[in-house]
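Examining the three-dimensional arrangement
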Amino acid sequence: MTARRLLLCALLALGACTDHAPHAGQPTPQAQSMQRMLGDVQVLRAFARGQADHAAADAAVSDLLLQSDQITPLFPPATAAQYVDLTPETARGGTAAMRAVVEPLQSAVRAGDRTQAGLLLVRAERDGCGYCHQHGY
C-alpha cells in the first residue's frame, strides 16, 4: 500500500470510532442529578458546622427536595437495571425515602437550628441517600 492509502485508511478508521459514541465522556442526567444532590449535602454539612449561611442552606435543602422528586423518573426500570447496586424496586422507592428524611431537615434549616439540621442531615444521608447507595456514595 502506498502512504496515501494508509493515511486514508487510518482517517476512515478514526472517523468510524467517533460515530458510535457521540456522547461518550459526557455525564448522564442521572450523574448530573447525583452531583447536584451531593453539592446540596455539602452545603448543608457546612451549615451545620456554622460555615454556610442560612440562605445557602435553605436553597440547598430546597434543591435537594427538588432533585429527590426526580429519582424515580430518572431511574425507570430499564435504566435502574444498568446499575450494579440498584434495583428497579429501589429506584421506585428512592423519592419517598428521600422526602421522608429531607422534609424534616428542611424544617430545621428554615428554623435556623444548625444542631438539629446536622442531626437530621446524618439521618438523611444514612436513610435517604443510603436507601439507594447502600455502600456509600
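Look a little higher up for the structure.
As the structure is a prediction and not an experimental result, all values here were calculated from the model.

The next point concerns the nonpolar core. Core analysis: the largest hydrophobic core is formed by 29 residues, its most contacted members being Leu44, Leu64, Phe75, Met98, Val102, Leu105 and Val109. Of all the secondary-structure elements, those providing two or more residues to this core are helix 2 (29–48), helix 3 (54–68), helix 4 (71–74), helix 6 (88–111) and helix 7 (114–132). Examining the composition of this core, we find that seven residues originate from one element, helix 6, more than from any other.

So, about the state of the cysteines. For the coordinates displayed, the defined rule picks out zero disulfides. With no disulfide partner, cysteine 132 has as its closest neighbouring cysteine sulfur the one in cysteine 129, 8.9 Å distant.

Moving on to the packing of aromatic side chains. Inspection of every chain in the model, using the stated rule, returns one aromatic pair. On the basis of an interplanar angle of 70° and a centroid distance of 5.4 Å, the ring pair of phenylalanine 75 and tyrosine 83 is categorised as edge-to-face. The exposure class assigned to phenylalanine 75 is buried, which follows from its relative accessible area of 8%. Residue tyrosine 83 is classed as partly exposed on the basis of its relative accessible area of 34%.

Parameters and conventions
Residues numbered from 1 in each chain as written. Predicted model: local features only at pLDDT ≥ 70, side-chain atom pairs only at ≥ 80, totals over all residues. Heavy atoms only, no water. Core = buried A, V, L, I, M, F, W, Y, C linked by side-chain atoms within 4.5 Å. Buried < 20%, exposed > 50% of the residue type's maximum accessible area, 1.4 Å probe, protein only. Helix = DSSP H or I, 4+ residues; strand = E, 2+ residues; numbered from the N terminus. Disulfide = S-S within 2.5 Å. Phe/Tyr/Trp six-rings, centres within 6.5 Å; stacked < 30°, edge-to-face > 60°.

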